[in-house]
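Observations on the three-dimensional arrangement
Residues per chain are reported as follows:
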Amino acid sequence: MDNSKTLLQKKTKDNSIDYHKLNAVLDYEVKENELRLNFEYASLVIRFLTADIFRVIMAHSKQEISYKSTQAVTEHGLSYQNFKLNETESELLIKTDKLLLKISKKKFILKVLNENGELIHEDYSKYALGWKKQKVRAWKSFKENERFYGLGEKTGWLDKKGRLYEMWNHDTFFPHVTDTDPLYQSIPFLISFNQKNSYGIYFDNSYRTFFDLGSEGQDYFSFWAEGGKLDYYFFNGPSLKEVVSKYSQITGTMPLPPKWSLGYHQSRYSYYPQAEVDQLVKTFRDKEIPCDAFHFDIHYMYQYKIYTWDEDHFPDPEAMISNLKANGIKTVTIIDPGVKRDPEYKLYQEGMKNDYFCKYLDGKVFIDKVWPGKCAFPDFTQSKVRKWWAGLQKDFIDIGVKGIWNDMNEPAAFNKTDTMDVNVMHQNDGDCGTHRRFHNLYGFLEDKATYEGLKESLENERPFVLTRAGFAGIQRYSAVWTGDNRSIWDNLKLVMPMLMNMGMSGISFCGTDVGGFTGNSNGELLCRWTQLGAFVPFFRNHCESRAISQEPWSFGKNYEQIIKKYIELRYKLITHIYNLFYQASQSGIPVMRPLIMEYPDDKECENLSDQFMLRDSIMIAPVYQPDKDKRMLYLPAGKWIDFWTKQVYEGEKHLIVDAPLDTMPIFIKAGSIIPLNKKLNYIGEKEIECLELNVYLNKANKFGSYKLYDDDGISFNYENGDYNITEFEYEYTDNQLIFNINSIEENYQQEFKNYKLLFNNLNKDPLNIYVDGNEISDFDYFDNTLELTVPVVINKITIELN
Ligand code: GLC
């Protein structure tokens, strides 16, 4: 526990003064895609990947420039040579098709300008880059009206300015409140936003790193690492979306997950014995509450030994899993990296025999306590260990397991530092290094092994991996949940900016323990959390072993009905949500977005932390305080339609709306088209023969369109072109409404046979309706809503208006 004395002892700040800094440029050389600069005790490379992505690498003292990246960086193959170098007396000027870089020669300072000569980014005026013993550091200037986003899984507001952040994966059980730091993930990617010119910096260094965004009121911001090299990437926007998308060109995008994983997941620490699991599935199905996955926490194992089953609790796991499968429930099992030190345990034997475990330089295997007692830890930096680990998935897949939940992979250990001794060595296929270097990559490499193993064993099915720890690029292998939160209202509030920033840091598939992990939830909190959770990319209810039950029915009928309504809504939206996941997998731009991403010119949105959007059309304003039946919210410019009442609101306004416990405010941007499907108990339960397309009309929006991606939701066949893309578009004028359906790609036998079109807020009576030129009379018109059903093969609907 901290107390006043702690103030004296805490010394997290790092003094800039005693660093060696880059000084005068002695000479330079241009080679292919890079400029190399030499200094008295250092050298620097600026390497161009595209006209507006470049990489900066520094070597100091006697080091050589090293191009080696962490495992976060993909083999992107990007290289750009088309730049021109000019020199003036004081500066080197490098011009690409998009940027102008100015380097002052007397003292190295880099400025980045865009093609209009506007300054986008600049190093701090006093010093730019430096080193102190093993530390490396960069100093940068603040910009006017600047906001900071990104940095992955961090607490606090949407705008990260003004605080010091640490990147060191940590099992943080104490409450996650506004200034709790660090948590489980390290994503050293920072976005500097301003309305005109946003840019991003990815610091490719897996050592313990820090980002100080003005914690002491200083006139610069800075990032540094305790070891390794200064190696960062600069991504020019100018828009926030472009920054995020360019970052994903380097660290990868989320692969398209299996569709079932977008459904509702039920978990607790832990469901056992089998009778409890059987009862759980029965209750879900009896009550018709949709659910797609159960998570088995550590009690399914024998003595917490991974890849075992406790026979007393689960005498026949295969039969149980197959019963779950028959009920549409997929089985996800937890796996911790610690392998119990037990000479009679196969995995321990294999690890010891084959030299798979992390050890000290003198050859002693690192052993520490986790759930099973003393454990050894696989050295995931070695490809042979990842291969072994990947192979371990097979037995589980063979009995029907569909997903792996990687926990405690910071790695957590029950000692004073909460993790592995930093002096432990990792082999890293010959390029060894201590745990200080690999700590932040430990979970990432475990997830990579797991993903690859699942992919192999599942044959043509898409893997589902969930992880607690991770590093930049984790989206390529795993979904992420935010660890051990609490069943308190403050945590519910924290979820929104945290997940929005994770999304902007490349992690589209993220979520939080719905209902809260530690402590007892309650009916009201669970309702509000489920409402939010239904719109968050990863949707799982999970709680701790000592906590009271928090399944949807745990707090009585009234709460149950509300919770059910929102889980059902998630399933009604599943076609849309899957489509958004497809788009995120293509572009890297997240599914769950801060409003500023869609409304970059609106200052009100810059630090708007308690509302979010699903892509560009649905705006969610969760209630995150107890005893509230109203919610104040902000609507950006344009017209907005209340999802529940269809009432139209004018934007650029704050509103107070009714939000009784069964209502979470949801607003649809006028002009949007949103598909809704019928109620499902689980994904794939039945064919969705008729897809409802809700068109949210408004006179102010003459045109609207929506592109729908669709495939089998489970296999990799889409990689060979087995998918459909259909574009819906409309034109809405005073006297007619034209709706077009264009098939752009059509290689997959889709389940939809018909579209039920709902033209909401049609302000004039329909006179005549033509489908592909033929007049029809089979339609309904009520409450300003025109409803008609058409076969998917038609192309054009013309509605003449009165
Ligand atoms: C960790 C996980 C939690 C899990 C528990 C037991 O605390 O974060 O989700 O339930 O371990 O495995």
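The notes below deal with the structure included here. Throughout, a residue's number is its position along its own chain's written sequence, starting from 1. Local features in this predicted model are restricted to residues of pLDDT 70 or higher, and side-chain atom pairs are both shown and tallied only at a pLDDT of 80 or more, whereas totals for entire chains, interfaces and linings draw on every residue. To get the side-chain values, take all heavy atoms of the structure and skip hydrogens and water.

Only DSSP runs of H or I covering at least 4 residues are called helices, and only runs of E covering at least 2 are called strands; the numbering of each starts at the N terminus. On a plain count of helices and strands, the chain comes out with 13 helices and 53 strands. Scaling as 2.2 N^0.38, a compact globule of 802 residues should have a C-alpha radius of gyration of about 28 Å, and the chain matches this with 27 Å. Only protein chains enter the calculation, and the probe is 1.4 Å; a residue is then buried if its accessible area is under 20% of its type maximum, exposed if over 50%, and partly exposed in between. Within the chain, buried positions represent 63% of all 802 residues. Throughout, a contact is declared for two residues whenever any of their heavy atoms are within 4.5 Å. Long-range contacts, defined as pairs at least 24 residues apart, comprise 69% of the intrachain contacts of the chain with a sequence gap of at least 6. Within the structure as shown, the chain displays about 30,100 Å² of accessible surface, and the carbon and sulfur contribution to it stands at 46%. Charge separation in the chain, taken as the distance between the mean sites of 95 positive and 113 negative side-chain charges, equals 5 Å. Atoms counted for the radius of gyration: C-alpha only. Globule rule: 2.2 Å times the number of residues to the power 0.38. Values of accessible area rely on a 1.4 Å probe in the Shrake-Rupley scheme; residue burial ignores everything except the protein chains shown. Think of it this way: Lys and Arg go in the positive column, Asp and Glu in the negative one, and His and the chain ends go nowhere. Where a charge sits is defined by one atom per residue type, namely NZ (Lys), CZ (Arg), CG (Asp) or CD (Glu).

Quick look at the packing of aromatic side chains now. Note on aromatic contacts: the rings of Phe and Tyr and the six-membered ring of Trp form a pair at centre separations within 6.5 Å, being stacked when their planes are under 30 degrees apart, edge-to-face when over 60 apart, and tilted otherwise. All chains considered together, the criterion is met by 65 aromatic pairs. Each ring, one from F284 and one from W553, has its centre 4.9 Å from the other, and the planes form 75°; the classification is edge-to-face. Here F284, found in helix 3 (residues 274–287), pairs with W553, found in the loop between strand 34 (538–541) and helix 11 (557–572); they are 269 residues apart in sequence, far enough to count as distant. You'll find F284 and W553 in the same group, each marked buried. Between F357 and W388 the ring centres are 6.4 Å apart and the planes differ by 80°, which places this aromatic pair in the edge-to-face class. Within this pair, whereas F357 is found in the loop between helix 5 (346–353) and strand 25 (367–370), its partner W388 is found in helix 6 (residues 383–398), the two being separated by 31 residues in sequence.

Turning our eyes to something else, we now look at the sheet that holds strand 9 (residues 109–114). Two strands form a pair only when DSSP identifies at least two bridges running between them. Spatial strand order, 6-7-8-9-10: five strands in an open sheet with antiparallel pairing. Edge positions in the sheet fall to strand 6 (84–87) and strand 10 (119–122), since each of these pairs with one other strand and no more. Mean inter-strand twist for the sheet, computed between neighbouring axes without regard to direction, equals 20°. With five bridges joining them, strand 7 (residues 91–95) and strand 8 (residues 99–104) adopt antiparallel strand pairing. Following the sheet pairing, L93 is matched in strand 8 by K102. Here the axes come from fitting lines to C-alpha atoms, over the contacting stretch only for helices, and the angles between their N-to-C directions go from 0 to 180 degrees.

Turning next to the packing of helix 6 against helix 8 (residues 442–457). Between helix 6 and helix 8, whose axes approach to 8 Å, the crossing angle comes to 45°. When the interaxial angle is binned, helix 6 and helix 8 end up oblique. Where helix 6 crosses over helix 8, the handedness of that crossing is right-handed. Contacts between helix 6 and helix 8 involve R386, W389, A390, Q393, K394 and I397 on the former and, on the latter, L445, E446, K448, A449, T450, E452, G453, L454 and S457. In this classification, the charged set is Asp, Glu, Lys and Arg, the nonpolar set is Ala, Val, Leu, Ile, Met, Phe, Trp, Tyr, Cys and Pro, and all remaining amino acids, among them Gly, are polar. Residue classes in the contact of helix 6 with helix 8 are distributed as six nonpolar, four polar and five charged. An angle counts as roughly parallel when it lies under 35 degrees, as roughly antiparallel when it exceeds 145, as roughly perpendicular when it falls between 65 and 115, and as oblique in every other case. Crossings are assigned a handedness: left-handed for a near helix turned anticlockwise from the far helix by less than a right angle, right-handed for a clockwise turn.

Let's shift gears to the packing of helix 3 against helix 4 (residues 317–326). Look at helix 3 against helix 4: their axes get within 11 Å of each other, and the N-to-C directions meet at 5°. Classified by the angle between their axes, helix 3 and helix 4 sit roughly parallel to one another. In contact with Q274, V277, D278 and V281 of helix 3, helix 4 contributes M320, N323 and L324. Considered class by class, the residues forming the contact of helix 3 with helix 4 number four nonpolar, two polar and one charged.

Around the barrel, which closes on itself, the eight strands sit in the order 21-22-23-27-30-32-33-34 with parallel pairing between neighbours. For this sheet, the mean inter-axis angle between neighbouring strands, taken without regard to orientation, is 30°. Note: strand 21 (residues 264–268) against strand 22 (residues 293–296), four bridges, orientation parallel. Bridge pairing in strand 22 places H265 opposite A293. In the packing of helix 4 onto the sheet, contacts are made with strand 22, strand 23 (330–335) and strand 27 (401–406), and the angle to strand 22 comes to roughly 155°. With respect to the sheet, helix 10 (residues 523–533) is in contact with strand 33 (510–514) and strand 34, its orientation differing from that of strand 33 by roughly 165°.

Below, the discussion takes up the site of the ligand. Neighbouring the ligand are 13 residues; D297, D407, R468, D484 and H542 lie closest to it. In protein, a polar contact means a hydrogen-donor-capable atom and an acceptor-capable atom, both N or O and within 3.5 Å, with residues adjacent in sequence counting only if both atoms are side-chain atoms; elsewhere, any N or O pair within 3.5 Å suffices. The separation between an oxygen atom of the ligand and a polar side-chain atom of D407 is 2.9 Å. A distance of 2.4 Å separates an oxygen atom of the ligand from a polar atom in the side chain of D484. Here the ligand has 310 Å² of accessible area as a free molecule, and 97% of this is covered by the chains. Across the shell around the ligand, the residue classes tally to eight nonpolar, one polar and four charged. The criterion for a residue being near a molecule or strand is simple. One of its heavy atoms has to lie within 4 Å of it.

What follows concerns helix 2 (residues 240–251). It helps to recall that an α-helix has 3.6 residues per turn; residues three or four apart then point in one direction. Expected helix span is computed as 1.5 Å times (number of residues minus one). Between the first and last C-alpha of helix 2 there are 17 Å, a value that for 12 residues agrees with the 16 Å anticipated at 1.5 Å per step. Turning to helix 2, its buried residues number three or more, namely L240, V243, V244, K246, Y247, S248, I250 and T251. Positive phi appears at G252, one or two residues downstream of helix 2, with a value of about 90°.

In this section: the nonpolar core. What is meant by a nonpolar core is a set of buried Ala, Val, Leu, Ile, Met, Phe, Trp, Tyr and Cys residues, joined one to another through side-chain atoms within 4.5 Å. Core analysis: the largest hydrophobic core is formed by 207 residues, its most contacted members being Y202, F294, F535, F739, F759 and I797. By residue number, the principal contributor to this core is helix 9 (residues 489–504), which donates 10 residues. Residues in contact with I797, not counting those within four places in the same chain, are L737, I738, F739, L757, I769, Y770, V771, L788 and V790. Membership of the second largest hydrophobic core comes to 47 residues, among which are V56, A128, Y165 and F221.

Another aspect to go through is the pairing of strand 10. Taken together, the three bridges between strand 9 and strand 10 define a ladder with antiparallel strand orientation. Bridge pairing in strand 10 links V112 to H121. Adjacent in sequence and paired antiparallel, strand 9 and strand 10 are bridged by four residues, among which G117 carries a positive phi angle near 80°.

Let us look at the pattern of salt bridges. Should a side-chain nitrogen of Lys or Arg be within 4 Å of a carboxyl oxygen of Asp or Glu, the pair is scored as a salt bridge. According to the stated counting rule, one finds 48 salt bridges in the structure shown. A salt bridge links K132 to D18; the nearest nitrogen and oxygen atoms lie 3.4 Å apart. In this pair, K132 is assigned in strand 11 (residues 129–132) and D18 in the loop between helix 1 (4–9) and strand 1 (20–21), connecting sequence segments 114 residues apart. Classification of K132 by relative accessible area gives buried; the value is 18%. Between E87 and K105 there is a salt bridge, and its shortest N-O distance comes to 2.6 Å. Of this pair, E87 sits in strand 6 while K105 sits in the loop between strand 8 and strand 9, and the two are 18 residues apart along the sequence. According to the relative accessible area criterion, K105 is buried, its value standing at 17%. The structure contains a network of salt bridges with shared partners spanning D171, D407, E410, R468 and D484.

Remember that the coordinates give geometry; whether it matters functionally is a separate question.
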